[in-house]
Amino acid sequence: MAICDTESIRDCIATGSLPDIDPHPLAILVLAPFIVIFGWAAWVEFRRWWRYGPSQNRRSAFPFDEDAPSYEPPEEADAESPPPDHDQEQERRND
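All values derive from a computational prediction rather than experimental measurement.

Colleague: Please clarify how the overall build of the protein should be interpreted in this entry.
Modeller: The helix and strand tally for the protein stands at 3 helices and 0 strands. Its helices and strands in sequence order give the protein the pattern α-α-α, from N to C terminus. Residues classed as buried in the protein amount to 3% of the 95 residues present. As presented, the protein carries roughly 10100 Å² of accessible surface, and 60% of it is formed by carbon and sulfur atoms.

Colleague: Mind showing me how you'd approach the pattern of salt bridges here?
Modeller: A side chain of one charge can pair with a side chain of the opposite charge if their charged atoms are brought near each other. Going through the model one piece at a time under the given rule, you end up with 1 salt bridge. One salt bridge connects Arg 48 with Glu 45, and the closest N-O pair in it is separated by 2.8 Å. One end of the pair, Arg 48, and the other, Glu 45, are both in helix H2 (residues 25-52), 3 residues apart, so they sit about a helical turn from each other. With a relative accessible area of 28%, Arg 48 lands in the partly exposed category.

Colleague: Can you help me understand H2 in this one?
Modeller: Because an α-helix completes one turn every 3.6 residues, residues spaced three or four positions apart along the sequence face the same direction. Between its first and last C-alpha, H2 extends 40 Å over 28 residues, near the 40 Å set by a 1.5 Å rise per residue. Backbone geometry just after H2 places Gly 53 at a positive phi near 85 degrees.

Colleague: Just to check I follow, could you spell out the confidence of the model for the protein for this structure?
Modeller: Detailed reading of the predicted coordinates is not advisable wherever pLDDT falls low. Confidence in the prediction of the protein, expressed as mean pLDDT, is 76, and 58% of residues score 70 or more. Ranking the elements of the protein by mean pLDDT puts helix H3 (residues 88-94) last with 64 and H2 first with 93.

Colleague: Help me out: how do you make sense of the packing of aromatic side chains in this one?
Modeller: Each aromatic ring pair is specified by the distance between its two centres and by the angle formed by the two planes. The tally for this structure, following the rule as stated, stands at 4 aromatic pairs. An angle of 35 degrees between the planes, with centres 5.9 Å apart, marks the rings of Phe 46 and Trp 50 as tilted. In this pair, Phe 46 and Trp 50 both sit in helix H2, 4 residues apart, roughly one turn of the helix. We classify Phe 46 as partly exposed; its relative accessible area is 40%. The class for Trp 50 is exposed, based on a relative accessible area of 64%. Members of the aromatic cluster, each reached through a chain of ring pairs, are Trp 43, Phe 46, Trp 49 and Trp 50.

Procedures and definitions
Residues numbered from 1 in each chain as written. Predicted model: local features only at pLDDT ≥ 70, side-chain atom pairs only at ≥ 80, totals over all residues. Heavy atoms only, no water. Helix = DSSP H or I, 4+ residues; strand = E, 2+ residues; numbered from the N terminus. Buried < 20%, exposed > 50% of the residue type's maximum accessible area, 1.4 Å probe, protein only. Areas by Shrake-Rupley, 256 points an atom, 1.4 Å probe, with all protein chains shown as cover. Salt bridge = Lys/Arg side-chain N within 4 Å of Asp/Glu carboxyl O. Expected span 1.5 Å × (residues − 1). pLDDT = per-residue confidence, 0-100. Phe/Tyr/Trp six-rings, centres within 6.5 Å; stacked < 30°, edge-to-face > 60°.

Next comes the structure, spelled out in structure tokens:
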């Protein structure tokens, strides 16, 4: 395995003496499932696009109902008052 300086990289390429890069087997084993899944998903999406054309996602075409009820956060409970499911009678019995 030859080591080339940056100044003589053209000489290294011309002579074919670039250092060999050996991928680590563990890195290949870890990355292989992700590469396979990504490739499969790309193939499935390409097949869908080829058969049916571009996606017809029209979510932005639906109007918003301005009169619909909206979420309102609950009122903050007073820190001094017990929670609504707190049984004061049971607490007195435990004393």
